[in-house]
Amino acid sequence: MPRPKPSRRALLAGTGSVLATASLAAAGLLAHVPAHAQAPRTEAPVRRGTLKIHLLGLDTSDPHRHTGSIAVQQVYAEALTSIADDGRALPYLAESWSVEDGGRRYVFRIRDNVRFHNGRVMTTADVKANAERVRDRVRGGWRSAPMRLVAGLEAPDARTFVMTMQEPYGPLLNLLSELWILAPESEGWEQTIRTPIGTGPFRWGRWVPNEVFHAPAFEAYWQTGLPRVAAVEFSLRDIADPPLALRAGALHIARARAAALPELARDPAIQVQFMKDTSWFFWSFNNRAPRPPFDRVAVRKAITFAMDKPALMSLVAGEAGIVTNQMAAPGQFWFDQALHDADPHARPDLALARAMLAAEGVDPARTPLRIVSWQQDYAQAAAQAMRGLGFQVEHLALDDLGAQRRLNAYDWDLAPFGSGPRADIFLRFVRMMSDGPNVGLWGGVRDPEFDRLVRAAVAAVDLAERRRHYLAAWKRAMDGYYTVVIGHAAEAIANRREVTNWSPGFTWGANRADGGAGFASLG
């Protein structure tokens with residue numbers, strides 16, 4: 001997973017998917033789709049310039065196999081739904097839908113005359129083939145676990161696609177925003193797609209892993225008048241100072257760390273905006289193969305008392321940092337105020353930490369503690385806190401790939417990390433499930449009761465019931481000190497002011513139904 005950073009703004013209470021038998025038109029959601037979406041084509045738009053972006057990476061050429069990196073795929077591949085700024089599912093390649101049979105049957109009306117980048121018109125058979133591929137052939141990808149709950153897939157006519165679930169599945173509409181629809185003739189379809197043929201405003205172009213991705217405009221894109229630039233180019237390098245490249249004009253859009261915000265705010269050529277969902281920061285204990293004494297809850301609790309959450313969040317995000325103990329940020333539907341108010345670790349207590357370790361017979365001076373992290377100041381501060389307790393700290397600060405490999409070796413004790421915005425709260429909980437994706441970041445939790453509670457949550461049609469199950473699962477994770485949340489923060493994205501008609505969305509996706517790179521212009 002690419003290196004997540006701060007990000008936050010309170011979500012509206014309607015983060016959950018709309019579970020109703022009425023179509024989206026009746027619910028009023030179609031108003032969010034641009035009015036020009038399928039207006040008759042007239043003369044070709046004049047497209048100017050290459051939009052240069054630095055956000056997150058691209059971890060695979062096969063969108064169905066991604067494990068969390070979603071900042072690039074959405075410019076060339078689209079899905080049935082898209083995520084609005086308040087977290088709701090919006091129409092995209094599906095122009096409307098209804099939810100029937102108590103949340104088990106989803107009937108989608110597929111948009112007409114959408115073309116793949118090879119010129120062929122997309123059909124409901126193509127949509128069905130993509131869902132079947134993820135369900136039947138993809139293992140370990142981001143959507144593979146939910147798709148295993150699909151009982152039936154149908155394309156009864158040219159405009160209708162039907163998904164039938166084994167049981168009610170609340171997050172489905174939001175999760176489908178990342179099940180991208182590709183032409184089955186895409187090279188590598190039977191194994192790993194190497195040249196994806198999508199429907200997005202830009203075509204798959206030149207990809208040099210960890211270097212650059214260049215995508216030219218798709219002339220026959222279904223949203224009339226889009227895209228407005230000739231190409232989009234993503235820098236995939238680990239740039240030490242993206243704002244410097246932004247100010248120099250080498251980039252048009254880039255993420256901005258908290259320390260850079262004051263200077264960027266003073267630059268008349270730069271605009272700073274914020275993503276609509278949060279990134280959350282945490283440290284995980286090794287839950288898969290813990291070494292003594294870190295296999296004991298009392299020791300984990302003692303260590304957590306040494307964490308200075310306010311100082312760490314200030315380091316991460318300055319004044320934008322929000323200290324809490326939950327996956328969801330204050331103001332979100334899934335957040336619980338009482339649980340937040342009862343956080344015993346809201347402030348550090350070193351004396352208590354030392355007393356608890358002594359009561360457990362732990363002498364930090366004789367105890368090695370291995371920390372795995374990305375190369376971040378936040379992780380360095382966490383390691384220093386452990387040295388302050390007297391532990392013999394070995395800190396392995398690695399690049400993204402190195403950290404992933406080391407996490408999955410489970411030969412470490414503590415891992416301070418962060419994770420970015422997701423299309424649905426389930427995509428945070430699933431990472432702590434026994435069969436979830438990228439479980440190493442959360443210490444490889446294997447807890448059947450936690451799994452059961454999360455499954456009960458996603459099967460709940462009623463949002464209040466779903467919230468209750470999620471909170472019970474999170475309380476169990478907190479009691480076991482599987483992962484300790486430090487807080488949330490607003491992810492700042494800066495752009496040069498010659499970029500117009502662009503704003504960041506709810507997730508890292510660079511394009512969506514009602515905004516993003518496909519709508520941006522270069523003045």
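Residues numbered from 1 in each chain as written. Predicted model: local features only at pLDDT ≥ 70, side-chain atom pairs only at ≥ 80, totals over all residues. Heavy atoms only, no water.

### Quick look at the sheet that holds strand β12 (residues 270-274)
What holds strands together in a sheet is hydrogen bonding between their backbones, with the strands either parallel or antiparallel. One open sheet holds the seven strands; their spatial order is β8-β9-β10-β1-β11-β19-β12, and the pairing between them is mixed. A single partner strand is all that each edge strand has here, and the edge strands are β8 (206-208) and β12. Going from strand to strand, the sheet's axes swing by 20 degrees on average, the running direction of each strand aside. Looking at chain direction, strand β9 (residues 212-216) and strand β10 (residues 231-235) are connected through five bridges and run antiparallel. Its bridge partner lying in β10, phenylalanine 213 is registered against phenylalanine 234. (Pairing = 2+ DSSP bridges. Helix = DSSP H or I, 4+ residues; strand = E, 2+ residues; numbered from the N terminus. Axes fitted to C-alpha atoms, helices over the stretch in contact; angles between N-to-C directions.)

### Some words on empty space enclosed by the protein
One pass over the full model with this rule turns up seven cavities of 30 Å³ or more. Taken as a whole, the largest cavity holds about 130 Å³ of empty space. Lining the largest cavity are 16 residues; nearest its centre among them are Gln74, Ser82, Ile83, Asn511 and Arg512. When residues of the lining of the largest cavity are assigned to their parent elements, the largest contribution, three residues, is made by strand β2 (residues 81-83). In terms of residue class, the lining of the largest cavity is made up of six nonpolar, eight polar and two charged. In this model, the second largest cavity occupies a volume close to 110 Å³. Along the wall of the second largest cavity there are 15 residues; nearest its centre are Leu55, Trp502, Pro504, Gly509 and Ala510. (1 Å grid on protein atoms, 1.4 Å probe; cavity = no way out; pocket = protein on both sides within 12 Å on 5 of 7 lines; lining within 4 Å. Points joined across faces, edges and corners; volume = space filled by probe spheres on them. Nonpolar A, V, L, I, M, F, W, Y, C, P; charged D, E, K, R; others polar.)

### Structural notes on the sheet that holds strand β7 (residues 160-165)
If you walk across this open sheet you meet the four strands as β4-β5-β7-β6, and the pairing is antiparallel. Of all strands in the sheet, those bounded by a partner on one side alone are β4 (94-100) and β6 (150-157). Put simply, the sheet's adjacent strands are angled 15 degrees from each other on average, direction ignored. Where β6 and β7 come together, five bridges link them in antiparallel fashion. Counterpart to aspartate 157 in the pairing with β7 is threonine 160. The sheet strands contacting helix α2 (residues 124-136) are β5 (105-110), β6 and β7, and the helix crosses β6 at an angle near 165 degrees. (Contact = heavy atoms within 4.5 Å.)

### A short note on the confidence of the model for the protein chain
In this model, the protein chain carries a mean pLDDT of 88, and residues with pLDDT of at least 70 account for 90%. Scored below 50 in pLDDT, residues 1-41 makes 154 contacts in the model with residues more than four places away or belonging to other chains. (pLDDT = per-residue confidence, 0-100.)

### Observations regarding helix α12 (residues 400-407)
Those residues of α12 not exposed but buried are Ala403, Gln404 and Leu407. Down the axis of α12, the sector holding all buried residues measures 100 degrees, keeping them to one side. At its buried positions, α12 is contacted by β15 (368-374), β16 (392-398) and β17 (414-419). (Buried < 20%, exposed > 50% of the residue type's maximum accessible area, 1.4 Å probe, protein only. Arc of directions from axis to C-beta.)

### Details of the packing of helix α7 (residues 297-305) against helix α10 (residues 350-359)
Where α7 contacts α10, the two axes come as close as 7 Å, and the packing angle between them is 160 degrees. Here α10 runs roughly antiparallel to α7, going by the angle between their axes. α7 and α10 meet at a crossing whose hand is left-handed. Contacts between α7 and α10 involve Ala298, Val299, Lys301, Ala302 and Phe305 on the former and, on the latter, Leu350, Leu352, Ala353, Met356 and Leu357. For the contact of α7 with α10, the per-class residue count stands at nine nonpolar, no polar and one charged. (Parallel < 35°, antiparallel > 145°, perpendicular 65-115°, else oblique. Left-handed = near helix turned anticlockwise from the far one by under 90°.)

### A few points about the pairing of β17
Among the six residues in β17, six count as buried, and that is most of the element. Burial along β17 is two-sided: Leu414, Pro416 and Gly418 facing one way and Ala415, Phe417 and Ser419 facing the other are all buried. Relative to β17, strand β13 (residues 279-285) runs antiparallel, the two being bridged by six bridges. Following the sheet pairing, tryptophan 280 is matched in β17 by serine 419.

### Concerning the layout of surface pockets
Roughly 230 Å³ of volume is contained in the second largest pocket. Take the lining of the second largest pocket: its biggest share by element is four residues, from helix α15 (residues 463-479). In terms of residue class, the lining of the second largest pocket is built from eight nonpolar, three polar and five charged.

### What about the pattern of salt bridges?
One pass over the full model with this rule turns up 34 salt bridges. Of the charged contacts, one joins aspartate 343 and lysine 309 as a salt bridge, the two residues approaching to 2.8 Å between their closest N and O atoms. Of this pair, aspartate 343 sits in the loop between α9 (337-341) and α10 while lysine 309 is found in helix α8 (residues 309-317), placing the two residues 34 residues apart along the sequence. Lysine 309 matches aspartate 343 in its accessibility class, with the two residues each being buried. Aspartate 411 serves as the salt-bridge partner of arginine 370, at 3.6 Å between the closest nitrogen and oxygen. On the criterion of sequence distance, the pair formed by arginine 370 in strand β15 and aspartate 411 in the loop between α12 and β17 is long-range, its members being 41 residues apart. For aspartate 411, a relative accessible area of 26% corresponds to the partly exposed category. (Salt bridge = Lys/Arg side-chain N within 4 Å of Asp/Glu carboxyl O.)

### Some words on the side chain of serine 284
The topology assignment puts serine 284 in strand β13. Judged by its relative accessible area of 0%, serine 284 is buried. Side-chain polar atoms of serine 284 contact the backbone oxygen of leucine 441, separated by 2.7 Å. Discounting chain neighbours no more than four positions away, the residues touching serine 284 are Trp412, Asp413, Leu414, Ala415, Leu441, Trp442, Gly443, Tyr482 and Thr483. (Polar contact = N/O pair within 3.5 Å; in protein donor to acceptor, adjacent residues only side chain to side chain.)

### As for the side chain of asparagine 511
For asparagine 511, the position within the fold is in strand β21 (residues 511-512). Assessed through its relative accessible area of 2%, asparagine 511 is described here as buried.

### Some points on the packing of helix α14 (residues 448-459) against α15
Packed helix pairs are characterised by how far apart their axes lie and by the angle those axes make with each other. As a packed pair, α14 and α15 sit with axes 7 Å apart at the nearest point and diverge in direction by 160 degrees. Judged on the interaxial angle alone, α15 and α14 are roughly antiparallel. The hand of the α14/α15 crossing is left-handed. Between α14, through Glu449, Phe450, Leu453, Val454, Ala456, Ala457 and Val458, and α15, the contact on the second element is made entirely by Arg466, His469, Tyr470, Ala472, Ala473, Arg476 and Ala477. Across the contact of α14 with α15, the residue classes break down as 10 nonpolar, one polar and three charged.

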